[in-house]
Amino acid sequence: MLIKTKKEIPSSELTPESVYRQRREFLKSSANIALGAGVLSSGLISPTALAQTDGLRSRAPEDINLASKPAWLLDKVRNRANAPGSGPYTTTESLTPFEDATNYNNFFEFGNGKGDPASRAREFRIDPWSVEIAGEVNKPGRYNLEDILQPHTLGERIYRLRCVEAFSMVVPWIGFPLADLINRFEPNSNARFIEFETLYDPEQMPGQAARTSSLGWPYREGLRMDEAMHPLTILAVGMYGDILPAQNGAPLRLVVPWKYGFKSIKSIVRINFRQDMPNTAWNDYASGEYGFYANVNPEVSHPRWSQSSERRLPSGLFDRRIDTQMFNGYTDEVAHLYAGMDLRVDF
Ligand code: MTE
């Protein structure tokens, strides 16, 4: 997100692009050696096979930034029901390497630089963790993460993720439909919107304490109820075959693949059912730039840049530019939700 800061960000807080690219080029070449670059680029290994290889491999513990990794959560995620890559709505596009998806992040609670979340969230604590269910719902309360997740069967979903900043990835998430959770807590007939809130904990999240930040905390997002109930919308607890690293939103995040990435709120502690449209962090910050709907739309430019194409990670010295697709390629699934709306007005 091209965040305008109230004060200049000290250069020490930013990961210089050249350093990031050099590191990534190194990682890419090691990965190519390991996988056999020729085989991969000739298409002999299908992306699904790659997903399976990647999904089945347990990560080294140090790959997952977290102060503690609850055993029950590790078991649940590693024993998910679907075979990797076999979930619905999957894509055959190549996966973004784990290293890129976990080192090029937007998680402003940990700083404004793309490398900040990975380096500053190493000791993030997700145990204990609870989620408050509030508002227009028959079963409000504060529930332990284990109780929240217990009835849900996890599956893998390989989705494109398109950031409003015009970079994109392909990520194998592990999660379950948000609709299943919504049905469990029984929203009443007043519930027309759903609001999500991220943890507020400036001691753990230095970005929330920084005077260089302009976003209001806690980070908030929202969906219309029909968007929240759509089967593409998931709550994720894992990626690449294991639990979520802190920088990707551990222990629980939203994934809404047809919307710009900022809708996919991380590290959720509150889910509130509402009659009226909630305020959201980016809309509050700049309402003319970040709309409530935030559907991926190549025809509606951001006021400061075009949205017609995107940089697919990993992009090395020469960017891998591809055309951006309407609704991030999920038009058949979601266009009906916006029938009759002017998406230039409701952007
Ligand atoms: N959630 C919170 N709480 N804080 C954030 O800064 N950034 C958003 C979204 N969710 C963000 C967040 C943005 S701008 C994007 S593009 C995605 O997370 C990035 O997800 P990723 O880092 O897992 O790729």
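What counts as what
Along each chain, the written sequence defines residue order, and numbers are assigned to residues from 1. Predicted model: local features are reported for residues with pLDDT of at least 70 only, side-chain atom pairs are reported and counted for 80 or more only, and whole-chain, interface and lining totals are derived from all residues. Hydrogens and water molecules were not included; the side-chain quantities draw on all heavy atoms of the structure. UniProt positions are given in the numbering used here, feature names are shortened, and annotations may be inferred rather than shown by experiment. Segments assigned H or I by DSSP are reported as helices when at least four residues long, segments assigned E as strands when at least two residues long, and all are numbered from the N terminus. Throughout, exposure labels follow a simple rule: accessible area from a 1.4 Å probe, protein chains only, divided by the maximum for the residue type, with under 20% read as buried, over 50% as exposed, and the rest as partly exposed. By definition, residues are in contact when any of their heavy atoms lie within 4.5 Å. Only the protein chains shown count as covering a residue, and every accessible area follows the Shrake-Rupley method with a 1.4 Å probe. What makes a nonpolar core is a set of buried Ala, Val, Leu, Ile, Met, Phe, Trp, Tyr and Cys residues whose side-chain atoms join them at distances within 4.5 Å. Think of it this way: one heavy atom of a residue within 4 Å of a molecule or strand is enough to make that residue near it. Pairs of N or O atoms are called polar contacts if they sit within 3.5 Å, as long as, within protein, a hydrogen donor faces a hydrogen acceptor (for residues adjacent in sequence, only side-chain-to-side-chain pairs). Aromatic rings from Phe, Tyr and Trp, taking only the six-membered ring of Trp, are treated as a pair when their centres fall within 6.5 Å; an angle between ring planes under 30 degrees marks them as stacked, one over 60 as edge-to-face, and anything in between as tilted. Think of it as a cone above the ring: NZ of Lys or CZ of Arg counts as a charge over the ring if it is within 6 Å of the ring centre and within 35 degrees of the ring normal. When DSSP finds two or more bridges between two strands, those strands count as paired. Salt bridge, as used here: a side-chain nitrogen of Lys or Arg that lies within 4 Å of a carboxyl oxygen of Asp or Glu.

- In the annotation of an unreviewed UniProt entry, the entry for the protein reads Protein-methionine-sulfoxide reductase catalytic subunit MsrP, and the organism field reads SAR86 cluster bacterium.
- Taken directly from UniProt, the Sequence similarities (unreviewed entry) text for the protein runs: "Belongs to the MsrP family."
- According to its UniProt record, the protein has this under Subunit (unreviewed entry): "Heterodimer of a catalytic subunit (MsrP) and a heme-binding subunit (MsrQ)."

## Some remarks on the overall build of the protein
Then comes step 1: The helix and strand inventory of the protein stands at 12 helices and 12 strands.
Then comes step 2: Looking at the protein residue by residue over its 347 residues, the buried ones come to 56%.
Then comes step 3: Once local pairs closer than 6 in sequence are excluded, the contacts in the protein between residues at least 24 apart make up 75%.
Then comes step 4: Surface summary for the protein: the accessible area is close to 14600 Å², and the carbon and sulfur share equals 51%.

## Quick word on the nonpolar core
Then comes step 1: Core analysis: the largest hydrophobic core is formed by 88 residues, its most contacted members being F124 and W173.
Then comes step 2: Among the elements that take part in this core, strand β4 (residues 167–177) stands out by supplying 6 residues, more than any other.
Then comes step 3: Beyond its immediate sequence surroundings of up to four residues, W173 is in contact with G155, E156, R157, Y159, L161, I234, A236, G238, M239, L244, R253 and V255.

## Re the site of the ligand
Then comes step 1: Of all residues adjacent to the ligand, which total 17 residues, the nearest are N105, F108, E109, R253 and K266.
Then comes step 2: In this structure, an oxygen atom belonging to the ligand sits 2.8 Å away from a side-chain N or O atom of N105.
Then comes step 3: In this structure, T198 approaches the ligand through a side-chain N or O atom, which is 2.9 Å from a nitrogen atom.
Then comes step 4: Look at the ligand: alone it shows 530 Å² of surface, and the protein chains cover 99% of it.

## Comments concerning the UniProt feature "binding site: Mo-molybdopterin" (unreviewed entry) in the protein
Then comes step 1: Here, UniProt's "binding site: Mo-molybdopterin" (unreviewed entry) annotation points to N105, C163, T198, N248, R253, S264, I265 and K266.
Then comes step 2: Note on placement: N105 falls in the loop between α5 (98–101) and α6 (116–120).
Then comes step 3: A distance of 3.0 Å separates a polar side-chain atom of N105 from the backbone oxygen of A101.
Then comes step 4: When you line up the elements, N248 lands in the loop between β8 (242–243) and β9 (253–255).

## What about the packing of aromatic side chains?
Then comes step 1: By the definition in use, this model includes 15 aromatic pairs.
Then comes step 2: Relative to Y293, the ring of F292 lies with its centre 5.4 Å away and its plane at 90°, an arrangement referred to as edge-to-face. The pair formed by F292 and Y293 is uniform in burial state, with each residue classed as buried.
Then comes step 3: Three or more aromatic residues joined by ring pairs form one cluster here, namely F108, F262, W282, Y285 and Y290.
Then comes step 4: Geometry around Y104 places K114 over its ring, the cationic atom sitting 5.9 Å from the centre.
Then comes step 5: Between the NZ or CZ atom of R160 and the centre of the ring of Y330, over which it lies, the distance is 4.5 Å.

## Describing the side chain of E227
Then comes step 1: Here E227 shows up in helix α10 (residues 225–229).
Then comes step 2: With relative accessibility at 1%, the residue E227 sits in the buried group.
Then comes step 3: Looking at E227, its side chain comes within polar contact range of the side chain of K259, at 2.7 Å.
Then comes step 4: Looking at E227, its side chain comes within polar contact range of the side chain of Y338, at 2.5 Å.
Then comes step 5: In this structure, E227 is in contact with T233, W258, K259, F292, Y293, L337 and Y338, ignoring residues within four places of it in sequence.

## Concerning the pairing of strand β11 (residues 309–312)
Then comes step 1: Going residue by residue along β11, you find S309 and R311 tucked away on one face and E310 and R312 tucked away on the opposite face as well.
Then comes step 2: Two strands pair when backbone bridges link them, and β4 and β11 are joined in this way by 2 bridges, in the parallel orientation. The partner of F167 across the bridge, within β11, is R311.
Then comes step 3: As judged from the 3 bridges shared by β11 and strand β12 (residues 321–323), these two strands associate in the antiparallel manner. Bridge pairing links E310 to I322 in β12.

## Quick word on the pattern of salt bridges
Where side chains of opposite charge bring their charged atoms close, a pairing between them can arise.
Then comes step 1: Under the criterion given, the structure shown has 18 salt bridges.
Then comes step 2: E195 is paired through a salt bridge with R274; the nearest N and O atoms lie 3.2 Å apart. Of this pair, E195 sits in strand β5 (residues 193–198) while R274 sits in strand β10 (residues 268–274), placing them 79 residues apart in sequence. Both residues of the pair, E195 and R274, belong to the buried class.

## Notes on the side chain of Q204
Then comes step 1: Following the sequence through the fold, Q204 ends up in the loop between β5 and α9 (206–209).
Then comes step 2: At 2.9 Å, the side chain of Q204 forms a polar contact with the backbone nitrogen of R125.
Then comes step 3: Setting aside residues up to four positions removed in sequence, Q204 forms contacts with F110, E123, F124, R125 and L199.

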